[in-house]
Amino acid sequence: MPSLHDNIILSYEVDLENERIRMRTRSSHAVPKNMDVLFSGVMAHAFDTPLHGSTIFDLDERDLKHFIPYNRELLESGKGQGLPVSYESYDELQIRLIKEKYKYMVISSSYGLSGWVLAKSVEISVQEMGDQDEA
């Protein structure tokens, strides 16, 4: 997977109906590239601090066993609202995430937006700046 280190987040779109999130980024390296990150089969996500100029430090897939302990407070507050889905126990949620092959993707930042996405897949597409129509 191409590195997103130091990429600036230009925009992101959450498509709830189609369970997708598309994040548009631009690298700040010697040869600037637009890089789109497409999360598919999204169950849930949480993004904090979406500021202008948000800069990605890294995008990592973490072991699903860390999802519940790292997000216990959010899960407690959102359980009655079905966050990330309806479940009776943390064990039930953990088993479902593993059985349905979700990935726990964590976005860390140097500045601005950070968070996580539970999705079945993630793809990064890279385009040279000259290869893309600028709107």
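Residues numbered from 1 in each chain as written. Predicted model: local features only at pLDDT ≥ 70, side-chain atom pairs only at ≥ 80, totals over all residues. Heavy atoms only, no water.

**Observations concerning the pattern of salt bridges**
- Overall, the coordinates contain five salt bridges when judged by the stated rule.
- The residue D15 makes a salt bridge to R20 at a minimum N-O spacing of 3.3 Å.
- On the accessibility criterion, D15 (18% relative accessible area) is buried.
- For R20, a relative accessible area of 37% corresponds to the partly exposed category.
- Residue E100 is joined to R96 by a salt bridge in which the shortest nitrogen-to-oxygen separation is 3.1 Å.
- On the basis of relative accessibility, which here comes to 29%, the residue E100 falls in the partly exposed class. (Salt bridge = Lys/Arg side-chain N within 4 Å of Asp/Glu carboxyl O. Buried < 20%, exposed > 50% of the residue type's maximum accessible area, 1.4 Å probe, protein only.)

**Brief notes about the nonpolar core**
- Counting residues in hydrophobic clusters, the biggest one holds 18 residues, and the most contacted among them are M23, V37, F39, L59 and I107.
- Where this core is concerned, the elements lending two or more residues are strand 2 (20-26), strand 3 (33-40), strand 5 (55-62), strand 6 (103-111), strand 7 (114-119) and strand 8 (121-128).
- If you tally residues by element for this core, the top one is strand 3, at three residues.
- Discounting residues that sit within four places of it in the chain, I107 has contacts with M23, F39, F47, I56, D58, L59, L113, S114 and G115.
- By size, the runner-up hydrophobic cluster in this structure holds 17 residues, among which are M43, L75, Y90 and Y102. (Core = buried A, V, L, I, M, F, W, Y, C linked by side-chain atoms within 4.5 Å. Helix = DSSP H or I, 4+ residues; strand = E, 2+ residues; numbered from the N terminus. Contact = heavy atoms within 4.5 Å.)

**Quick word on the confidence of the model for the protein chain**
- Of all residues in the protein chain, 94% have pLDDT values of 70 or greater, and the mean over the chain is 92.
- Within the protein chain, the lowest mean pLDDT, 91, falls on strand 8, and the highest, 98, falls on strand 7. (pLDDT = per-residue confidence, 0-100.)

**Notes on a nonpolar patch on the surface**
- Taken together, the side chains of Y12, V14 and L16 define a hydrophobic patch exposed on the protein surface, amounting to about 290 Å² of accessible area.
- As for its position among the elements, V14 is in strand 1 (residues 8-15).
- Among the residues examined, V14 registers a relative accessible area of 32% and is labelled partly exposed. (Patch = residues over 30% accessible without salt bridge, like charges linked within 9 Å, V, L, I, M, F, W, Y side chains within 5 Å. Areas by Shrake-Rupley, 256 points an atom, 1.4 Å probe, with all protein chains shown as cover.)

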